[in-house]
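# Topology and contacts: notes
Take a look at the letters that make up each chain.
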Amino acid sequence: MDRRNLLRTAAAAPVVPLLLGSASTPAQAQAAPAGKSPDRFAIAVLPDTQYLFDADSADPAPLRETFRYLVQERAAVFLTHLGDVTEHGTAAEIALASKTFEQIDGKLPYSVLAGNHDINGGTTDERGDSPYLQAFGPHRFAGRPTFLGASPGGYNSAHLFTGGGRQWMVLALDWQISDAGLAWARDMIAARPRTPVIVTTHDLAFPDYAGQAALSVRGQRLWDGLIAGHDQIFLTLNGHHWPPARTVLPNAAGHDVHVHITNYQDRYYGGAAMIRLYTFDLARNVIDVETFSPWFLSRKSSSLLEAEVSQLTGPDDRFSLAVDFRSRFAGFDPPALPAPRPASTVISRPTVAYWRFDTAGQSVGDGAVVRDQTGKGNDLSVRRLANSGPEILELTTDHHENAPAHSSLRFDGGKNPDRGAVLQTGANAPLNSMKFLDGYTIETFLKLPDPFTGDHAFMGIWSFEGRNGDAGKTNGWSRLECTCSLNLSSERFLQYVVYPETTDASPTSWSHALPMGKWIHVAVVNDSRHSIVYVDGAPIVRNPGQLSRGIATLGRPFTIGATSFDLKYGQGFYGWLGDTRITAKALSPKQFLTSL
């Protein structure tokens, strides 16, 4: 395999996510290309390129290859340079750098800022004209869709790009920002109060040579004058210092700000325009970070020096940040959650039963009734099992964000001793004897506690009571097992087992491990031939191919909160359960309760 193909192959492997705290371990592979998912996008970070633009020893070839790669192969949505574009800031060096950047003008949105080597490092952003400003000032970006504007002196700029279905702001701030520059930056943030912000500058944090970063003198000024008091700023990026390092600092609101140093000028060939890619995955709530040199990786032959730095895999070069984007941004951009939906909007002619827990005056005491919203006579009655007090079952307002009702039941069932609570249909409920020969869909919302403590192996979520042996079944785990149930294994795998009406079998579906602390929607769909279990609208892999038509019901109650064995209930469910609906036909995911 040639090295260009190696680059493509390496860039296609996923980063293993990790939780970031005061310390973390590196991910073990590179991030997949962005642009394949609406929830996934990448920004490129380019630190100090000064040794590639150093008087008569300049070599822009590495930067040209980096630009080619970003435009043609990686589909980054934005590039930000962290300053020290050149070594001396001379007109000749700046002109060559400017010419090189023309390769991405109009093709890849980007920002540039002045480092101390690009201008007179002893001056602030009020320094006036310079070769840098003439090449990379506001006129270069004017009219581009991502350019928001610049400070009066032209050395600070703001940019707005779109990724993952939302807008993000980049503030590119001068190496030595003035009070007026800070005021301008505050105004730019205030003008877009619901937009998350990434601050880029040349000097903000320095490394302690053990992987941790601390604020520099200039960084402390930026922190005090801008970052700490603006919750929209969640990430800062700076160069200047090496080696790379990072830390997490709490802002005035108590929220995390990730502070990263990125600089490879001390590496072979001045870093060879090495880039750091930040791939945002809003579905997984992670930012996957990787560092490599497209130029080194594109070369057909390489020296040992090149091979050693073509891809960096240290803990501060390749890693993943765990960021709950919705929670982190909620203080300035609270999510617009769907309003509750009336029961009538999710009931149709095939709906057999629909239960929700938001009825005015709803009680969960023993004997309390939860009405079947279809009016078809399948009301539920509350009953606590042995060893169970009032706290075993509680009414809450916690709910899946797309659930019709904004309420749920909190169960505290378990073992040793067995305890729990159940909600059951009455003795004469029509549901008890329905066979569902034409298919069915049974849906519910559930959430497992985090942490998931105790032994809850094979706790029941819902079930049809009745011994399968009494239905003439012989081909199952035990003839005392009930005829249909949805349970949770010790590994937190869903188990759906059904004894069909028309065959002596017990086809069983198994899911993956369910997450903790997160609401999910589960649907069991049968088309009168096979059953498929869906989790959050996606089919699980272990759905059996056995023929499965109908349910061998025996006229006994449908139960929420436990599964019976030999008509007896031991442990009950542990966690939250929300709206539950049974439909006498196979529904598509677009027809599930989650559909708005």
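Preceding block: the structure.
Notes on the structure in this doc start here. Nothing here was measured: the structure is a model prediction, and the numbers come from that model.

Attention now moves to unusual backbone geometry. Geometrically, the link from Trp242 to Pro243 is a cis peptide bond, its omega value of 0 degrees lying close to zero. Looking at the element boundaries, Pro243 is found in the loop between strand 10 (233-238) and strand 11 (245-250). The amide bond that connects Asp450 to the next residue, Pro451, takes the cis arrangement and shows omega of 10 degrees. Among the secondary structure elements, Pro451 is positioned in the loop between strand 23 (440-447) and strand 24 (459-467). Not every positive phi belongs to a glycine, and Tyr269 is a case in point at roughly 60 degrees. Among the structural elements, Tyr269 can be located in the loop between strand 12 (256-261) and strand 13 (275-281). For Tyr269, a relative accessible area of 33% translates into the label partly exposed. Positive phi values are uncommon outside glycine, yet Asp536 reaches one of about 50 degrees. Relative to the helices and strands, Asp536 resides in the loop between strand 29 (531-535) and strand 30 (538-539). By relative accessible area, which is 41% here, Asp536 ends up partly exposed.

Moving on, we come to helix 6 (residues 179-191). The terminal C-alpha atoms of helix 6, which comprises 13 residues, lie 18 Å apart, in line with the 18 Å expected from a rise of 1.5 Å per residue. Every buried residue belonging to helix 6 is among Gly181, Leu182, Trp184, Ala185, Met188 and Ile189, and all of these are buried. Burial along helix 6 is one-sided: seen end-on, the buried residues are contained in an arc of 160 degrees. Away from the buried face of helix 6 by more than 90 degrees, exposed residues Asp179, Asp187, Ala190 and Ala191 are located. Lining the buried residues of helix 6 we find strand 4 (147-150), strand 5 (157-163), strand 6 (166-172), strand 7 (197-201), helix 7 (217-227) and strand 10.

Let us now look at the sheet that holds strand 5. With respect to topology, 7 strands assemble into an open sheet ordered 4-5-6-7-10-12-11, the strand pairing being mixed. The open sheet is flanked by strand 4 and strand 11, the only strands paired with a single partner. Adjacent strand axes in the sheet meet at a mean angle of 20 degrees, parallel and antiparallel pairs treated alike. Note: strand 6 against strand 7, 4 bridges, orientation parallel. Residue pairing across strands places Val170 opposite Ile198, the latter belonging to strand 7. The strands touched by helix 6 are strand 4, strand 5, strand 6, strand 7 and strand 10; relative to strand 6, the strand with the most contacts, the crossing angle is about 175 degrees. Contacts from helix 7 reach strand 6, strand 7, strand 10, strand 11 and strand 12 within the one sheet, and its direction differs from that of strand 10 by about 155 degrees.

For the rest of this paragraph, the subject is the sheet that holds strand 26 (residues 493-498). In space, the 8 strands of this open sheet follow the order 18-19-22-31-24-25-26-27, with antiparallel pairing throughout. Only two strands of the sheet have a single partner each, and these edge strands are strand 18 (369-370) and strand 27 (508-513). Pairing of strand 18 with strand 19 (residues 380-384), which is carried by 2 bridges, proceeds in the antiparallel orientation. Along strand 19, the bridge assignment pairs Val369 with Ser381.

The full count for this structure, using the stated rule, is 32 salt bridges. Residue Asp179 is joined to Arg221 by a salt bridge in which the shortest nitrogen-to-oxygen separation is 2.6 Å. Residue Asp179 is located in helix 6, and its partner Arg221 is located in helix 7; the two are separated by 42 residues in the primary sequence. The partner of Asp288 in a salt bridge is Arg284, and the shortest N-O contact between them spans 2.9 Å. By relative accessible area, which is 1% here, Asp288 ends up buried. What makes Arg284 partly exposed here is its relative accessible area of 34%. Each member of the salt-bridge network shares a partner with another, and the members are Arg40, Asp281, Arg284 and Asp288.

Attention now moves to the environment of Pro196. In this fold, Pro196 is placed in the loop between helix 6 and strand 7. Take Pro196: its relative accessible area is 0%, and that puts it in the buried class. Pro196 sits 153 residues away from Ile43 along the chain, and the two C-alpha atoms are 14 Å apart. In this structure Pro196 touches Arg166, Gln167, Trp168, Met169, Gln232, Phe234, Phe329 and Phe332, once residues within four positions along its chain are discounted.

Let us now look at the side chain of Ser98. In this structure, Ser98 sits in helix 3 (residues 91-101). For Ser98, a relative accessible area of 12% corresponds to the buried category. A polar contact is formed between the side chain of Ser98 and the side chain of Arg140, at a distance of 2.7 Å. If we skip the residues at most four places from it in the chain, Ser98 touches Ala135, Phe136 and Arg140.

Reading guide: rules and limits
Residues numbered from 1 in each chain as written. Predicted model: local features only at pLDDT ≥ 70, side-chain atom pairs only at ≥ 80, totals over all residues. Heavy atoms only, no water. Helix = DSSP H or I, 4+ residues; strand = E, 2+ residues; numbered from the N terminus. Buried < 20%, exposed > 50% of the residue type's maximum accessible area, 1.4 Å probe, protein only. Expected span 1.5 Å × (residues − 1). Arc of directions from axis to C-beta. Contact = heavy atoms within 4.5 Å. Pairing = 2+ DSSP bridges. Axes fitted to C-alpha atoms, helices over the stretch in contact; angles between N-to-C directions. Salt bridge = Lys/Arg side-chain N within 4 Å of Asp/Glu carboxyl O. Polar contact = N/O pair within 3.5 Å; in protein donor to acceptor, adjacent residues only side chain to side chain.

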